[in-house]
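Each chain is listed here by its residues.
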Amino acid sequence: MPQTYHYYWLDVFTQQVFGGNQLAVFPEAQGLSDVQMQQIAREFNISETVFLFPPETPAATRRARIFTPGRELPFAGHPTIGAVHVLATIGRGPHTSPPRQIVLEEIVGPVPVSIQEQSGGALFIQLSTARAPEFRPLTVNPTTFAPALNLEPADFESPLPAGIVSCGSPFVIVPLKNADALRRARLDPQAWRKLVATGALGTTEPQWTEHVYPITNDASVRPADLRVRMFAPDLGIVEDPATGSAAASLAAHLAKHATRPDGTLRWTVEQGIELGRKSTLYLEADKNDGDIMAVRVGGYAVTVSEGELTLPS
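The structure presented is a predicted model; accordingly, all values stated were derived computationally and were not measured. In every chain, residue numbers begin from 1 and rise along the written sequence. In keeping with the model being predicted, local features are shown solely for residues with a pLDDT of at least 70 and side-chain atom pairs are shown and tallied solely at 80 or more, while totals for entire chains, interfaces and linings include all residues. To get the side-chain values, all heavy atoms of the structure are used, and hydrogens and water are removed first.

Next up on the list: the pattern of salt bridges. A side-chain nitrogen of Lys or Arg and a carboxyl oxygen of Asp or Glu constitute a salt bridge if their distance falls within 4 Å. Counted under the stated rule, the structure contains 18 salt bridges. With a closest N to O distance of 2.9 Å, D11 and R277 form a salt bridge. In this pair, D11 is assigned in strand β1 (residues 3-12) and R277 in the loop between β14 (263-271) and β15 (279-288), connecting sequence segments 266 residues apart. Of the two residues, D11 and R277, neither departs from the other in class, the shared state being buried. Across the salt bridge formed by E56 and R63, the nearest N and O atoms sit 3.5 Å from each other. Each residue is assigned to one of three classes by its accessible area relative to the maximum for its type, calculated with a 1.4 Å probe on protein chains only: buried under 20%, partly exposed between the two thresholds, exposed over 50%. Residue class for R63 comes out partly exposed when judged on its relative accessible area of 21%. Helical segments are the DSSP runs of H or I of at least four residues, strand segments are the runs of E of at least two, and each set is numbered from the N terminus.

Structure (structure tokens):
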């Protein structure tokens, strides 16, 4: 007998329909196999599709499985934000307040997510990373990346440091001179793989080198603090309109290199401009005696549509 699964289609890290990053959420995915979830993600062909199951631990609200068109991810930001948006809104009556916190079980570990209702009913959703940041140094000058990003060496003249950082998913953070250089960047996957194979990044581990995250703090991006892009063709994502896991790594990276030893640091980041899907991500990092104690990424989401997917038995 055919099985029918309800899903919600969202735009995440935006308050406007047709902005942000698209996401499909299956709130009741029981019965779907790994193969079927991968097939569905490939069929939808957006950056990620998230499938929710009953939790395996009492402290969690749901277990989340996150798939790109290419493979499953251990952690991702916009599926986490979007899934919690769905859980906080479905079945909610006009006089019912949303929950204040939801915990999602992800491969990376339990991810706590807070929910704040704003004036007008909008929900600001903020995740805390399940893992402490992990850093790996680059062993080359960032200008080495010029051929792989179809840029000139002068485009890498930036006061920001480069690095490889993970808060569950690793990203190669590549600072660029200005917003114009960021706009012109085009990743050549073959040239990038060749660069990685030489060991120029200090590692040839694929999972540490497949996400390329160029950034800039050029004054023209104001009022945001930074503008970013993210390329991950090996995951089936040529370019992502908004990447919460990358933003978490960026927050840890910026906090590490900040001169302020204590307190909470905050940044506003824009992404997706070049794709016509403007996204806004709000980053926080707590430091104590120079150590990074917590990393958070927040934003909004809007429901675009909902539907049903019927699979043959």
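Next comes the rest of the write-up.
Note the cis peptide between R222 and P223, where omega equals 15°. Note on placement: P223 falls in the loop between β12 (212-216) and β13 (226-228). Positive phi, normally seen in glycine, also occurs at N150, with a value near 55°. In the Ramachandran plot, D289 falls in the positive-phi region, its phi being about 55° despite a non-glycine side chain. Following the sequence through the fold, D289 ends up in the loop between β15 and β16 (291-299).

This part is about a nonpolar patch on the surface. Among the surface-exposed residues, V17, F18 and V304 lie close enough to one another that they form a single nonpolar patch of about 270 Å² accessible area. Looking at where V17 falls in the secondary structure, it is placed in the loop between β1 and β2 (21-26). The class of V17 is partly exposed, set by a relative accessible area of 40%. Nonpolar side chains (Val, Leu, Ile, Met, Phe, Trp, Tyr) within 5 Å and like charges within 9 Å form the patches, drawn only from residues with over 30% relative accessible area and no salt bridge. In these tables, accessible area is a Shrake-Rupley quantity obtained with a 1.4 Å probe, and a residue counts as shielded only by the protein chains included in the view.

This part is about the nonpolar core. Buried residues of nine kinds, namely Ala, Val, Leu, Ile, Met, Phe, Trp, Tyr and Cys, make up a nonpolar core once their side-chain atoms join them within 4.5 Å. Counting residues in hydrophobic clusters, the biggest one holds 60 residues, and the most contacted among them are V50, Y213, I215, L250, W267 and L283. Per-element accounting of this core gives the leading share, eight residues, to helix α5 (residues 244-257). Whether two residues are in contact is decided by their heavy atoms: any pair within 4.5 Å suffices. Dropping the residues within four chain positions of it, Y213 is found in contact with F171, V172, I173, V174, V228, R229, M230, A246, A247, L250, V269 and Q271. In this structure, L151, F156, A181 and W208 belong to the second largest nonpolar core, which totals 23 residues.

So, on to the pairing of β12. Judged by how many residues are buried, β12 sits mostly within the fold: five of five residues are covered. Across the two faces of β12 the burial is the same, with V212, P214 and T216 and Y213 and I215 all buried. Where strand β11 (residues 170-175) and β12 come together, four bridges link them in parallel fashion. Note that in β12 the partner of I173 across the bridge is Y213. Two strands qualify as a pair provided that DSSP identifies no fewer than 2 bridges between them. As paired elements, β12 and β13 share two bridges and run antiparallel to each other. If you follow T216 over to β13, its bridge partner there is R227.

Aromatic rings from Phe, Tyr and Trp, with only the six-membered ring used for Trp, were paired whenever their centres fell within 6.5 Å, and each pair was classed as stacked if the ring planes differed by under 30 degrees, edge-to-face if by over 60, and tilted otherwise. Per the stated rule, a full pass over the model turns up ten aromatic pairs. Note on F145 and W192: the rings are 5.4 Å apart at their centroids and 50° apart in plane angle, and the pair reads as tilted. On the criterion of sequence distance, the pair formed by F145 in the loop between β9 (134-136) and β10 (163-166) and W192 in helix α4 (residues 189-197) is long-range, its members being 47 residues apart. Like W192, F145 is buried. The rings of Y7, W9, F26, F44, F51 and F67 are connected pair by pair, giving a single aromatic cluster. Both a distance and an angle decide whether a charge sits over a ring: NZ of Lys or CZ of Arg must be within 6 Å of the ring centre and within 35 degrees of the ring normal. When the ring centre of W208 is taken as reference, the NZ or CZ atom of R136 above it lies at 4.0 Å. A cation over a ring is seen here: K256 above F135, with NZ or CZ 4.5 Å from the ring centre.

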